[in-house]
Amino acid sequence: MKKTNKIKIKSNEYIANLPKEFNRPTDTVGQRLLKEYGALFIARGGAIPPNTVIFKGERQVSAYQASLSKSKENIGGFAVELQTAAMKNLKDAIAEAEKNSLIITPRGADAAKRNYADTVMLWASRVNPALTYWVEKGALKEAEASRICSLSPFNQVSEIFKLESQGMFCSKDLAKSIVYSVAPPGTSQHLSMLALDVNEHDDLRVRDVLAEHGWFQTVVSDLPHFTFLGVSKNQLSKLGLKKIFDSGRFFWLPNL
Ligand SMILES: [Zn+2]
């Protein structure tokens, strides 16, 4: 049989629960992103997840976002736009929280929906200072840093992962992978309008109310970040997600 560079993933519960039209990545970057951010793709309850782990540009993102049923509300002083199913459940969670004198508010104007350009900007806000830092440290040649800077945001991703495999981490604190700090361009769950960054994420009662309404934490160490999965907690493992304990709380990730 002919050898290929493609990596095979065994079929398992998570894979079996992905939407039929989902394009399963076969490259190492795509596979890594599926592992880190992939809980989103099994979202149920009226949510329409993207059919790809990585959007290649604004046109692709806009076409996907335009196809969705969305709703916009003013919450905590910010305009929040989400897929309709995610918004309905968020509002139910907020109403239930209020009964217990709790509030659930967005972290800022970009707490929910983002576009492709936002993800490029956020990515650059981590990559550029990190490259400067590793050049100053003497770990990275200046010419190599310039070469990486000159690549398209999409092509930078594998290069940054390569640096990180050599210990040159690019998160904000330069001590862990950039994927725990900011999503590579075109891969943010916020593009799907099924994610929300919440101010009150430290409060276990708030996390519990959100979970009761289908909102879970799915990106390890991204503490304010919640993802609408549209199912109850006891269905998550049946959909192929596993529970990870990190930073004093639980996250749900693909069991790959
Ligand atoms: Zn987020």
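Computed from a prediction, not measured in an experiment: that's the story for all the values here. (Residues numbered from 1 in each chain as written. Predicted model: local features only at pLDDT ≥ 70, side-chain atom pairs only at ≥ 80, totals over all residues. Heavy atoms only, no water.)

## A closer look at helix α5 (residues 116-136)
- For α5, which comprises 21 residues, the first-to-last C-alpha distance of 30 Å matches the rise-based estimate of 30 Å (1.5 Å per residue) to within 8%.
- Residues of α5 that are buried: Y116, T119, W123, R126, V127, A130, L131 and W134.
- Residues of α5 that are buried in the fold lie against α3 (58-66), α6 (142-150) and α7 (153-165).
- Phi for G138, located one or two positions after α5, is positive at around 85°. (Helix = DSSP H or I, 4+ residues; strand = E, 2+ residues; numbered from the N terminus. Expected span 1.5 Å × (residues − 1). Buried < 20%, exposed > 50% of the residue type's maximum accessible area, 1.4 Å probe, protein only. Contact = heavy atoms within 4.5 Å.)

## Some details on the packing of aromatic side chains
- Using the criterion set out here, one finds five aromatic pairs in the structure.
- Taking 5.4 Å as the distance between ring centres and 35° as the angle between the ring planes, the aromatic pair formed by F55 and Y64 counts as tilted.
- Seen from their ring centres, Y133 and W134 are 4.8 Å apart, and the 80° between their planes marks the pair as edge-to-face.
- Classification of Y133 by relative accessible area gives partly exposed; the value is 31%.
- Across from the ring centre of F161, 4.7 Å away, lies the NZ or CZ of R32, which sits over that ring.
- The residue whose ring lies beneath K243 is F250, and the NZ or CZ to ring-centre distance is 4.3 Å. (Phe/Tyr/Trp six-rings, centres within 6.5 Å; stacked < 30°, edge-to-face > 60°. Lys NZ or Arg CZ within 6 Å of the ring centre and 35° of its normal.)

## Some thoughts on the sheet that holds strand β5 (residues 225-228)
- An order of β3-β5-β4 is seen for the three strands of this open sheet, with the pairing classed as antiparallel. Edge positions in the sheet fall to β3 (195-197) and β4 (215-216), since each of these pairs with one other strand and no more. (Pairing = 2+ DSSP bridges.)

## Section: the coordination of the zinc ion
- Protein-derived ligands of the zinc ion are H190 (NE2), D197 (OD) and H225 (ND1), with the metal-ligand distances lying across 2.0 to 2.1 Å.
- Along the chain, the residues that donate to the zinc ion are spaced as H-x6-D-x27-H. Of the two residues, D197 sits in strand β3 while H225 sits in strand β5, which places them 28 residues apart along the sequence. You'll find D197 and H225 in the same group, each marked buried. (Donors = N, O, S within 2.8 Å, 3.2 Å for Na, K, Ca; no water.)

## Here we look at the pairing of strand β1 (residues 70-75)
- Here β1 runs beside strand β2 (residues 78-83); their pairing, made up of six bridges, is antiparallel. Pairing of I75 across the sheet is with F78, part of β2.
- Joining the antiparallel neighbours β1 and β2 is a turn of two residues, in which G76 adopts a positive phi near 60°.

## Describing the nonpolar core
- In terms of nonpolar packing, the biggest core is built from 66 residues, with L90, I104, I160, I178, L210 and W215 touching the most fellow members.
- For I178, the residues in contact, after removing those within four places along its chain, are W123, R126, V127, I160, F161, E164, C170 and S171. (Core = buried A, V, L, I, M, F, W, Y, C linked by side-chain atoms within 4.5 Å.)

## Side note on the packing of α6 against α7
- Interhelical geometry of α6 versus α7 gives an angle of 145° and a closest axis separation of 9 Å. For the element pair α6 and α7, the recorded crossing hand is left-handed. Counted together, E144, R147, I148 and C149 of α6 and Q156, E159, I160 and L163 of α7 form the full contact between these two elements.
- For the contact of α6 with α7, the class distribution of residues is four nonpolar, one polar and three charged. (Axes fitted to C-alpha atoms, helices over the stretch in contact; angles between N-to-C directions. Left-handed = near helix turned anticlockwise from the far one by under 90°. Nonpolar A, V, L, I, M, F, W, Y, C, P; charged D, E, K, R; others polar.)

## Description of the environment of D203
- Among the structural elements, D203 can be located in the loop between β3 and α8 (204-212).
- The spacing of D203 and L102 is 101 residues in sequence and 9.3 Å in space, taken between C-alpha atoms.

## Some remarks on the layout of surface pockets
- In this structure, the largest pocket spans a volume of roughly 570 Å³.
- In terms of lining, the largest pocket is formed by 28 residues, of which the most central are R114, S181, V182, D197 and D222.
- Per-element accounting of the lining of the largest pocket gives the leading share, three residues, to α5.
- Partitioned by chemical class, the residues of the lining of the largest pocket number ten nonpolar, ten polar and eight charged. (1 Å grid on protein atoms, 1.4 Å probe; cavity = no way out; pocket = protein on both sides within 12 Å on 5 of 7 lines; lining within 4 Å. Points joined across faces, edges and corners; volume = space filled by probe spheres on them.)

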